[in-house]
Amino acid sequence: MSRRHPLLQPDDEGHYAERAHALDHDSHRRLRAGRHPIDAIAREMAVEESRRRFFGRGAQGIGALALAHLLDGSAFGQAAPVNPFAEPKRIGGLPELPHFAPKAKRCIYLHLVGAPPQIETFDYKPKLQSLFDTDLPESIRQGQRLTTMTSGQTRFPIAPSIFKFAQHGKSGAWVSELLPYTAKMVDDIAIIRSMHTDAINHEPAITFFQTGFMIAGRPCIGSWMSYGLGTMNANLPAFVVLQAKHKHPKANVQAISARLWSAGFLSGEYSGVGLRSSGDPVLFISNPEGVPPEMRRRMLDGLGKMNELNFQQFGDPETRTRIAQYEMAYRMQSSVPELTDLSKEPESVWENYGPDSREPGSFANSVLMARRLAERGVRFIQLYHRGWDVHGNLPEVLASQCKEIDQPCYALVQDLKQRGMLDDTLVILAGEFGRTVYCQGRLTPTDYGRDHHPRAFSLWMAGGGIKPGIVHGETDDFSYNITKDPVHVRDFHATLMQCFGIHHERFTYKYQGLAMKLTGTDPSKVVKALLA
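A brief report on the enclosed structure follows. On a predicted model such as this, the values are computed, not experimentally measured, just so you know. (Residues numbered from 1 in each chain as written. Predicted model: local features only at pLDDT ≥ 70, side-chain atom pairs only at ≥ 80, totals over all residues. Heavy atoms only, no water.)

What about the overall build of the chain?
Then step 1. Assigned secondary structure in the chain consists of 13 helices and 17 strands.
Then step 2. In the chain, buried positions account for 55% of the 532 residues.
Then step 3. Within the chain, contacts between residues at least 6 apart in sequence are counted, and of these 77% link residues at least 24 apart.
Then step 4. Summed over its atoms, the accessible surface of the chain is roughly 23,700 Å², and 53% of this surface lies on carbon and sulfur atoms. (Helix = DSSP H or I, 4+ residues; strand = E, 2+ residues; numbered from the N terminus. Buried < 20%, exposed > 50% of the residue type's maximum accessible area, 1.4 Å probe, protein only. Contact = heavy atoms within 4.5 Å. Areas by Shrake-Rupley, 256 points an atom, 1.4 Å probe, with all protein chains shown as cover.)

Structural data, given as structure tokens:
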């Protein structure tokens, strides 16, 4: 532009001064459109705003992956400053990230939807055996909020676990007989027994774990990572989501939706891409019948030009996002068939992951697919496995659920280690909260159920900068309250980002006048005791 009008320029957040709005109103009130001198300035101001939106949001938002690819790795034709901590062949991401040398390059996050009970898995409480069917002391419960499923109970009878525990590894970690393979690798993982959360129901609790906020609409962890760190493979999405099937017919299944892998207020390009276990791995990725690849290419080229014209007219960054998504889908027509062809995996791999691994969509098969995605440079792999909401039939259902995941999880960690990938691949196994020590519903010596419990639960992490072979945190004799080293969900998020070389307080995104971040506005800290 030849001239600039400071009064009529928007500020860094795109807002105009009150005087500018007054002049604009005066223009339309006094004269017909186009007759007032300020109208020419307003037209220029609109063009300037489009450019500001493009350069301000495009360089860090949609341009991170889309423009870097379209412009051969440089934004707007100018070489970006070199970040010594970024991968040499990284595509997109924010130039200032990572803030320091990362230990993790990728993450495989295994979420057990429904929340497994810590008392049956990692939090051994032998004193409960003598308290069978006695009432939970009020001094322990301390008036804790209850769900509507047990708030009407007249009693809260203690239900000791019927499963045996034993100590394993150099740390002497207690692990349930339900997880014999996990017990063999306790020296490779860090068990956290002092997790706690703010949510007591599934939807807000899962949303909180995945986005840092209990109400849907915020970016999830995978979206934050792909936005900030870009991708290591231009032919696959930076963030992929898998949904594994469960087997037991009595398992209580919680609904999940794409809101959990949404990019929220970030560009839609950073949403998770679902990979299916049947039919086309990715919906609509195959060419329609009768449409050869050459025609598809011409169609995308023409559509890209039309979208570019649309962008030049309206300046909406999501238009460029749409172009990038079309191009990614085209490239995935070649990369996805190779990814999902498991026929070349050696027999030893199938044996390690267990008998279910040949069944498409099973947890074992999905975990193997997660390893292949990580191997090909996918930044964040989110895998959901449902059926863990054990309000009743716990002994029967939980035994089945644990058998489905135990051997595949062991195989995954050992597989990554053998391939030299565990050091820079963060693996997480977690639910959204824990389960109560008291029984929900009818209690017998062989059958019981457990309600939701946000005040204390367990998870494990491995690789990617996490200290192996440790047990962190303690709970009381009832696994009800934390007595040592509590870890809040926000602390978990801060620690996860630390593994990726990101300072959680400095990784923000401006939205509605606020500097948004995964860890939110409440206090959070990196749990340094978990770091290698």
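Focus: the packing of aromatic side chains
Then step 1. Under the defined criterion, the tally for this structure stands at 16 aromatic pairs.
Then step 2. Seen from their ring centres, Tyr 124 and Trp 174 are 4.4 Å apart, and the 35 degrees between their planes marks the pair as tilted. Note that Tyr 124 is positioned in the loop between strand S1 (106-112) and helix H4 (138-141) and Trp 174 in strand S3 (residues 173-176), a separation of 50 residues in sequence.
Then step 3. Exposure remark for Tyr 124: the relative accessible area of 28% places this residue in the partly exposed category.
Then step 4. Assessed through its relative accessible area of 28%, Trp 174 is described here as partly exposed.
Then step 5. Ring centres of Phe 156 and Tyr 438 lie 4.9 Å apart, and the angle between their planes is 65 degrees; this geometry places the pair in the edge-to-face category. Remark: Tyr 438 occurs in strand S9 (residues 434-439) and Phe 156 occurs in the loop between H4 and strand S2 (165-168); sequence separation between them is 282 residues. Tyr 438 carries the same exposure label as Phe 156, and that label is buried.
Then step 6. Taken together, the aromatic side chains of Trp 224, Tyr 227, Phe 265, Tyr 270, Phe 507, Tyr 509 and Tyr 511 make up a single cluster linked through ring pairs.
Then step 7. Cation over ring: Lys 184 sits above Tyr 410, and NZ or CZ is 4.7 Å from the ring centre.
Then step 8. Between the NZ or CZ atom of Arg 218 and the centre of the ring of Phe 213, over which it lies, the distance is 3.9 Å. (Phe/Tyr/Trp six-rings, centres within 6.5 Å; stacked < 30°, edge-to-face > 60°. Lys NZ or Arg CZ within 6 Å of the ring centre and 35° of its normal.)

Looking at the environment of Ser 362
Then step 1. If you trace the backbone, Ser 362 turns up in the loop between helix H10 (347-353) and helix H11 (363-375).
Then step 2. Taking the C-alpha atoms as reference points, Ser 362 and His 246, separated by 116 residues in sequence, lie 7.0 Å from one another.
Then step 3. What Ser 362 contacts, discounting residues up to four positions off in sequence, is Ala 244, Lys 245, Asp 356 and Ser 357.
Then step 4. From its side chain, Ser 362 meets the backbone oxygen of Glu 359 in a polar contact 2.9 Å long. (Polar contact = N/O pair within 3.5 Å; in protein donor to acceptor, adjacent residues only side chain to side chain.)

Side note on helix H12 (residues 394-418)
Then step 1. Helix length check: H12 (25 residues) gives 35 Å between terminal C-alpha atoms against 36 Å at 1.5 Å per residue, within 8%.
Then step 2. When you tally the buried positions in H12, you get 18 out of 25 residues, the bulk of the element.
Then step 3. Just past H12, the residue Gly 420 takes up positive phi, approximately 75 degrees. (Expected span 1.5 Å × (residues − 1).)

Examining the side chain of Asn 481
Then step 1. With respect to the element layout, Asn 481 can be found in the loop between strand S13 (474-475) and strand S14 (482-484).
Then step 2. Engagement of the side chain of Asn 481 in a polar contact is seen with the backbone oxygen of Ile 140, the distance being 3.0 Å.
Then step 3. Engagement of the side chain of Asn 481 in a polar contact is seen with the side chain of Arg 455, the distance being 2.6 Å.
Then step 4. What Asn 481 contacts, discounting residues up to four positions off in sequence, is Ile 140, Gln 142, Arg 455, Thr 475 and Asp 476.

Details of empty space enclosed by the protein
Then step 1. Evaluated as defined, the whole model comprises six cavities of 30 Å³ or more.
Then step 2. The volume enclosed by the largest cavity comes to roughly 150 Å³.
Then step 3. Leu 112, Pro 116, Thr 121, Phe 122 and Ser 458 are the residues nearest the centre of the largest cavity, which is lined by 18 residues in total.
Then step 4. Ranked by residue count, the leading element in the lining of the largest cavity is strand S11 (residues 457-462), at four residues. (1 Å grid on protein atoms, 1.4 Å probe; cavity = no way out; pocket = protein on both sides within 12 Å on 5 of 7 lines; lining within 4 Å. Points joined across faces, edges and corners; volume = space filled by probe spheres on them.)

Focus on unusual backbone geometry
Then step 1. Cis geometry is found at the peptide bond from Leu 97 to Pro 98, where omega equals -5 degrees.
Then step 2. In this fold, Pro 98 is placed in the loop between helix H3 (66-70) and S1.
Then step 3. At Asn 393, a position not held by glycine, the phi torsion is positive, near 55 degrees.
Then step 4. Secondary-structure assignment places Asn 393 in the loop between strand S7 (380-385) and H12.
Then step 5. Note on Asn 393: relative accessible area 31%, which makes it partly exposed.

Here's the deal with the pairing of S3
Then step 1. Across four bridges, S2 lies against S3 in antiparallel orientation. Along S3, the bridge assignment pairs Gln 167 with Trp 174.
Then step 2. Joining the antiparallel neighbours S2 and S3 is a turn of four residues, in which Gly 169 adopts a positive phi near 70 degrees. (Pairing = 2+ DSSP bridges.)

A look at helix H13 (residues 489-499)
Along an α-helix, residues three or four positions apart point the same way, because every turn accommodates 3.6 residues.
Then step 1. Where burial is concerned, most of H13 is hidden: ten out of the eleven residues are buried.
Then step 2. Buried within H13 we find Val 489, Arg 490, Asp 491, Phe 492, His 493, Ala 494, Thr 495, Leu 496, Met 497 and Cys 499.

Description of the pattern of salt bridges
Then step 1. Considering all chains together, one arrives at 28 salt bridges under this definition.
Then step 2. For the salt bridge of Asp 188 with Lys 417, the shortest nitrogen-to-oxygen distance reads 2.8 Å. Taken together, the residues span a long stretch of sequence, with Asp 188 in the loop between helix H5 (180-184) and strand S4 (189-196) and Lys 417 in helix H12 at a distance of 229 residues.
Then step 3. You can call Lys 417 partly exposed: its relative accessible area is 40%.
Then step 4. Across the salt bridge formed by Asp 198 and Arg 490, the nearest N and O atoms sit 3.6 Å from each other. Residue Asp 198 is found in the loop between S4 and helix H6 (202-211), and its partner Arg 490 is found in helix H13; the two are separated by 292 residues along the sequence.
Then step 5. In this structure Asp 198 comes out as partly exposed when scored by relative accessible area, which is 38%.
Then step 6. The class of Arg 490 is buried, set by a relative accessible area of 12%. (Salt bridge = Lys/Arg side-chain N within 4 Å of Asp/Glu carboxyl O.)

Some details on the pairing of S1
Then step 1. Counting buried positions over the seven residues of S1 gives seven, a clear majority of the element.
Then step 2. Burial of the side chains of S1 extends over both faces: Arg 106, Ile 108, Leu 110 and Leu 112 are buried on one face and Cys 107, Tyr 109 and His 111 on the other.
Then step 3. Two strands pair when backbone bridges link them, and S1 and strand S8 (residues 425-430) are joined in this way by six bridges, in the parallel orientation. In the strand pairing of S8, His 111 is matched with Ala 430.

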